[in-house]
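Given next are the chains, with one letter for each unit.
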Amino acid sequence: MGKKRADRGKEKAGADSGCNLDGDYISPIQDFTSLSCANVKDTVIHSRYVQILLSLTIIGLFLRLYNLGYNSLWLDEASTLTFATMSIPGIWAATTGGEFNPPLFYWIEHLMLVFGNNEIVLRFVPAILGILTIPLVYLAGKEFLDRNTGIIAAAAVTFSPFLIFYSQDARAYSMGLFLVVIAMIFFLRALKTGEILPWTLFGLFSALAFWTHFYTLVITGAMGLYALAVKIPDIKRDLTAFKPLVLAGAVFTIISLPLIIVTIQLYVKRTASAPVFGFEGMGIITETFRQLSGFSDGVMFLFVILFCIGIIQAFLIDRHKGILLLSLTLLPFAISWFLSYRIPMIPRYLIILAPVYFIGIALAYKPLCTLMKNRIVVYGFIALLVILSVTTPFFMGYYSSFSKEDWRGFSGKVSQITQPGDLVVVSPGYMFQPFDYYYSN
């Protein structure tokens, strides 16, 4: 049932009543013990936050599953298929032998091959995880500040052209983001409560994210460094305050130890020569902001302004929140800037910054809410982000034109001008993967 009257009063007092979409309504679901069909029904009927989040998730489902097999498999997706067709031990052997991606995503794709090896099957897991990331970002925004921050950030994620694109890409980026957001939720919860369980789960999901994509360590590592910095005064007074952090680190290390050894070896190999593609220096930072903003310079300009307002607002609300938001932005960018001169650096590696970016943008609603004290501010912010995203040239042409290399069409044309038994030489050689998948004569 609902909370006691005194408890309700406390919750109302701590919220922006003027911008609270639920008004005086408080959900009877406060924890797992209060889950019941009646309480779920009551919440869905009366909570605007739940209604909007359900709507966003359904819209996100359509945007990520529609035309899932429209584009051809491009080079990296065909490479995913190549690794997925190996055995489970074979995939691990490929990783230790020099493949620059961890094996977890390939293992899952290996299992998915039971349903076939077409474009839809290969992209299905990234699409589903991309959909589930929408409510997870809501929870992350809620943990960071409040439900308004969460619902605005979730709306930005739903319509983000960048995230839609990589939810329809048979690579590990969507899965890595999904696991990073879960780790972030437990991290924020652990900072609030100091309890052992969320710290343990933070370590667990950070490790799973690392097994999905090496670069996730940049953001989860930044969270760990921030936690260590804020805990130093407590640790000086009482060493037991260090215990939760040690436990989280131990869980991560135990699970990731085989991969950590491989990562060091791969880093040495990857940095042995200068990068031949990607972005260097400030280029990786500006291009990441541009792509996160829907591949649009104009939208990037507006989004970055809102993001800066959001960071300032975070400092005004709570200095620690401002430092956290700034740390989770600056540390990954500083590392990326450094690495860009040593290894190929591409904005999609920094998809892990999406929740930080959109939560920061969502925080920009606070000054207007303080001024107007009306829930229209929240609705207006959601509408603004949706309009800016769906009117980008990339989004408007995404479902009606190819956004990836058309290997299906190219291979078909080559099939028409060759005869059975003809030798077709593909150059550079690694391009044989997508070509061979579609070519038949």
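Residues numbered from 1 in each chain as written. Predicted model: local features only at pLDDT ≥ 70, side-chain atom pairs only at ≥ 80, totals over all residues. Heavy atoms only, no water.

All right, on to the overall build of the protein chain then. Looking only at helices and strands, the protein chain has 22 helices and zero strands in total. In terms of its C-alpha atoms, the protein chain occupies a principal-axis envelope of roughly 80 × 50 × 45 Å. Burial statistics for the protein chain: of 441 residues in total, 51% are counted as buried. Put simply, of all contacts in the protein chain between residues at least 6 apart along the chain, 77% involve residues at least 24 apart. Carbon and sulfur atoms form 69% of the exposed surface of the protein chain, whose accessible area is close to 20200 Å². When the 32 basic and 26 acidic side-chain charges of the protein chain are each reduced to a single mean position, those positions are 9 Å apart. (Helix = DSSP H or I, 4+ residues; strand = E, 2+ residues; numbered from the N terminus. Buried < 20%, exposed > 50% of the residue type's maximum accessible area, 1.4 Å probe, protein only. Contact = heavy atoms within 4.5 Å. Areas by Shrake-Rupley, 256 points an atom, 1.4 Å probe, with all protein chains shown as cover. Lys, Arg positive; Asp, Glu negative; His and termini not counted. Charge placed at Lys NZ, Arg CZ, Asp CG, Glu CD.)

Quick look at the packing of aromatic side chains now. The relative placement of two aromatic rings is captured by the distance of their centres and the angle of their planes. For the coordinates displayed, the defined rule picks out 36 aromatic pairs. Lying over the aromatic face of F100, R270 brings its terminal NZ or CZ to 4.1 Å of the ring centre. (Phe/Tyr/Trp six-rings, centres within 6.5 Å; stacked < 30°, edge-to-face > 60°. Lys NZ or Arg CZ within 6 Å of the ring centre and 35° of its normal.)

Of all the residues in helix α14 (residues 282-292), the buried ones are I284, I285, E287, T288, F289, Q291 and L292. Looking at the buried positions of α14, the neighbouring elements they touch are α9 (161-167), α15 (297-317), α16 (319-339) and α17 (354-362). Once α14 ends, the next one or two residues include G294, with phi positive near 90°.

Here the focus is the pattern of salt bridges. Tallying each qualifying case throughout the model produces 10 salt bridges. In this structure, the salt-bridge partner of E143 is K192, at a minimum N-O distance of 3.4 Å. Of the two residues, E143 sits in helix α7 (residues 119-144) while K192 sits in helix α10 (residues 173-193), which places them 49 residues apart along the sequence. By relative accessible area, E143 is classed as buried at 14%. K192 sits in the partly exposed class, given a relative accessible area of 47%. Here K404 and D169 are joined by a salt bridge, their closest N and O atoms 3.1 Å apart. Taken together, the residues span a long stretch of sequence, with K404 in the loop between α20 (393-398) and α21 (407-417) and D169 in the loop between α9 and α10 at a distance of 235 residues. Looking at K404, the relative accessible area reads 10%, which means it is buried. (Salt bridge = Lys/Arg side-chain N within 4 Å of Asp/Glu carboxyl O.)

On to the side chain of K231. Mapping K231 onto the fold places it in helix α12 (residues 216-237). The class for K231 is buried, based on a relative accessible area of 17%. Those residues in contact with K231, other than ones at most four positions away along the chain, are W199 and L245.

Attention now goes to the nonpolar core. Judged by nonpolar contacts, the single largest core of 118 residues is most densely connected at I151, I152, F187 and F358. Element by element, the count of residues in this core is highest for α10, at 14 residues. With residues up to four places along the chain from it excluded, the contact list for F187 reads W199, F202, M223, Y226, A227 and L324. Grouped together as the second largest cluster of nonpolar side chains are 12 residues, L73, W407, M431 and Y438 included. (Core = buried A, V, L, I, M, F, W, Y, C linked by side-chain atoms within 4.5 Å.)

Of note, P244 is situated in helix α13 (residues 243-270). Exposure remark for P244: the relative accessible area of 12% places this residue in the buried category. Note: C-alpha distance between P244 and T200 (44 residues apart in sequence) is 7.7 Å. If we ignore the near neighbours within four places in the chain, the residues touching P244 are G194, I196 and W199.

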